[in-house]
Amino acid sequence: MLLRDATLVDSGGVRVGDLRVSQGLIEDAGDLTARSDESVVDLTGYAVLPGLVDAHVHFSLSGERTVEDVVGQSDAELALTEAHNARLTLEAGVTGARVMGARDIDVHVRDRIDSGDVPGPRTVANCRSITATGGHGHHLGREITGADDARRAVREQAKRGADFIKFMVTGGVTTPGSDPNAVALTDAEVEAIVDEAHRRGLHTATHAHGGAGVKTAVAAGVDTVEHGTLLDDEAIDMLVREDVTLVPTLSAPHHIVRNVDAATEEDRTQTEAVYERHLDSFRRAVEAGVRIAGGTDAGTPFNMHGSNAAELRLMHEYAMDPLEAILAMTEIAAEAVGLDGQGTLDPGTHADLLVVDADPTDDLTVLNDPDVVLKGGSVVAGGDERTKRAIVDTRCDD
């Protein structure tokens, strides 16, 4: 298939050109001559960009008012929930995702997506997030006490097929009695988690709101910091110096603040107390040159799967230009989570593409409802039937 005269958008900038798709990959890009055996689709007036990569989602959650709403689900119920949310995510234009852990279900959903049994984005999966006894996310996580237990917990997740290790270095907003600003794990526990994960070739991600927790995790060698809500100057300097990626998840507090009447009192109080500081932390991190990867925290209260593209608008509104936001949630996110062959329009990468009816650097909202979503060169969703039919049916007559 040859996609002709599209506005191409990726790290190469914004330009008009052609893309050749063959056997699920981008074979070539530029000013190309049609072959006699390929479909040719005229995309004049349309833009093509890589599928979005969401570096922080929860397929186990569906925007419920509280996490406790899903704790009582059986493994079978949780698996069905995850499969449903994976499909919603893919159809919204997210072709790659890092799923942040719930019991041991994520890895099985990942494998079913890989085999083609379940529609969903290419997935990097965790098993159970590691947390202090009674700490944030303990409902669906693995509680630890001490450095030896921390190592054991990492080994358990690796044994069950985890692609990475997530741990909760601070408290969180959605766990009652948890303090987002307080460090929840000891230095020895954090060092053991990161060291054991890296020894096994797994990257590490830490849930961290407070600056002290961020600094503890960065000092231990963590690969990505999730949220970074209350960053101080020293924490920002450390993120830059150690080249640690920040996944700010601006969507999570945004949706709670805008649903205060329905939120629990604790969620409302904690979120309102830190919301403006979160935005300020994000602005200062971007200005300082911290590497940013887009992630939504989809599944947290009122933060629905399928609305992932709203994160780009928030990143743009508060700190980044449109192309920077797009790169944060395509190429940079793919690199940060280890999804090779995604996030760019380079030859040899997966033909995971979005087709939209305007240049997204002029209007990011066009990403909220892509005209066509392709994964591996196949149409998996499309709102514009004319364009979808053209991509499926048009043949070259030459």
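For every chain, the first residue of the written sequence is number 1, and numbering continues from 1 along that sequence. Two thresholds apply to this predicted model, a pLDDT of at least 70 for residue-level local features and 80 or more for giving and counting side-chain atom pairs, whereas whole-chain, interface and lining totals are computed over all residues. For side-chain calculations, the full set of non-hydrogen atoms in the structure is used, while hydrogens and water are omitted.

A. Focus on the overall build of the protein chain. For helices the rule is a DSSP run of H or I covering at least 4 residues; for strands it is a run of E covering at least 2, with both sets numbered from the N terminus onward. Assigned secondary structure in the protein chain consists of 13 helices and 17 strands. Reported as C-alpha extents along the three principal axes, the dimensions of the protein chain are approximately 70 × 45 × 40 Å. Expressed as a percentage of its 398 residues, the buried residues of the protein chain come to 60%. Contacts in the protein chain between residues far apart in sequence, at least 24 positions, make up 69% of those at least 6 positions apart. When the accessible area of the protein chain is evaluated, it comes to approximately 14,900 Å², of which 44% is carbon and sulfur surface. In summary, the charge assignment counts Lys and Arg as positive and Asp and Glu as negative, without counting His or the chain termini. A charged residue contributes its charge at one atom only: NZ of Lys, CZ of Arg, CG of Asp or CD of Glu. Taking the 35 positively charged and 70 negatively charged side chains of the protein chain as two groups, their mean positions are separated by 5 Å. Only protein chains enter the accessibility calculation, which uses a 1.4 Å probe; a residue is then buried when its area is under 20% of its type maximum, exposed when over 50%, and partly exposed in between. The contact rule is simple, with two residues in contact once any of their heavy atoms fall within 4.5 Å. Note that accessible areas follow from Shrake-Rupley with a 1.4 Å probe, and for residues the cover is restricted to the protein chains shown.

B. Structural detail: the environment of Glu 156. The residue Glu 156 is located in helix α4 (residues 147–159) in this model. According to the relative accessible area criterion, Glu 156 is partly exposed, its value standing at 22%. It is 12 Å that separates the C-alpha atoms of Glu 156 and Arg 200, two residues lying 44 residues apart in sequence.

C. Region of the structure containing unusual backbone geometry. With phi around 55 degrees, Asp 5 is a residue other than glycine that occupies positive phi space. Relative to the assigned elements, Asp 5 resides in strand β1 (residues 2–10). The backbone of Asp 297 shows a phi angle near 65 degrees, a positive value even though the residue is not glycine. Since its relative accessible area comes to 7%, Asp 297 is described here as buried.

D. Local environment of the sheet that holds strand β7 (residues 94–99). One requirement defines pairing of two strands: DSSP has to find at least two bridges between them. Spatial strand order, β6-β7-β8: three strands in an open sheet with parallel pairing. This sheet does not close on itself; its edge strands, each paired only once, are β6 (52–57) and β8 (122–125). Neighbour-to-neighbour, the strand axes of this sheet turn through a mean angle of 15 degrees, independent of strand direction. Taken together, the four bridges between β6 and β7 define a ladder with parallel strand orientation. With axes taken as lines fitted to C-alpha atoms, and helix axes fitted only over the stretch in contact, angles between N-to-C directions fall between 0 and 180 degrees.

E. Structural context of the pairing of strand β17 (residues 378–382). Examined bridge by bridge, strand β16 (residues 372–375) and β17 share four bridges and lie antiparallel to one another. Of the residues in β17, the one forming a bridge with Lys 375 is Ser 378.

F. Main features of the packing of aromatic side chains. A pair of Phe, Tyr and Trp rings is counted when the ring centres sit within 6.5 Å of each other, with Trp represented by its six-membered ring. The angle between the planes then sorts it: under 30 degrees is stacked, over 60 is edge-to-face, the rest tilted. According to the stated counting rule, one finds zero aromatic pairs in the structure shown. Throughout this description, the term charge over a ring refers to an Arg CZ or Lys NZ atom that lies within 6 Å of the ring centre and within 35 degrees of the ring normal. Sitting over the ring of Phe 164, Arg 98 keeps its end group 5.3 Å from the ring centre.

G. Local environment of the packing of helix α5 (residues 187–199) against helix α6 (residues 211–220). Viewed as axis vectors pointing N to C, α5 and α6 meet at an angle of 45 degrees, and their least axial separation amounts to 9 Å. The angle between α5 and α6 falls in the class oblique. Of the two possible hands of crossing, α5 and α6 adopt the one that is right-handed. When α5 is examined against α6, the residues Asp 187, Val 190, Glu 191 and Val 194 are found in contact with a partner set consisting of Thr 216, Ala 217 and Ala 220. Residues that form the contact of α5 with α6 fall into these classes: four nonpolar, one polar and two charged. Angles are sorted into four bins: roughly parallel if under 35 degrees, roughly antiparallel if over 145, roughly perpendicular if 65 to 115, and oblique for all others. Whether a crossing is left-handed or right-handed is set by the direction in which the near helix is turned from the far one by less than a right angle, anticlockwise for left-handed and clockwise for right-handed. In the scheme used here, Gly and all other residues not listed as nonpolar or charged are polar, with Ala, Val, Leu, Ile, Met, Phe, Trp, Tyr, Cys and Pro taken as nonpolar and Asp, Glu, Lys and Arg as charged.

H. The arrangement of the confidence of the model for the protein chain in detail. Predictor confidence is given residue by residue as pLDDT, running from a minimum of 0 to a maximum of 100. Per-residue confidence for the protein chain gives a mean pLDDT of 92; residues scoring 70 or more make up 91%. Overall, residues 394–398 carries pLDDT values under 50, and its contacts beyond four positions in sequence, including any with other chains, amount to 14 contacts.

I. Focus on the pattern of salt bridges. When a carboxyl oxygen of Asp or Glu is within 4 Å of a side-chain nitrogen of Lys or Arg, the pair counts as a salt bridge. Considering all chains together, one arrives at 27 salt bridges under this definition. The residue Arg 35 makes a salt bridge to Glu 27 at a minimum N-O spacing of 2.5 Å. What makes Arg 35 partly exposed here is its relative accessible area of 36%. By relative accessible area, Glu 27 is classed as partly exposed at 34%. Across the salt bridge formed by Arg 241 and Glu 242, the nearest N and O atoms sit 3.7 Å from each other. Judged by relative accessible area, which is 57%, Arg 241 ranks as exposed.

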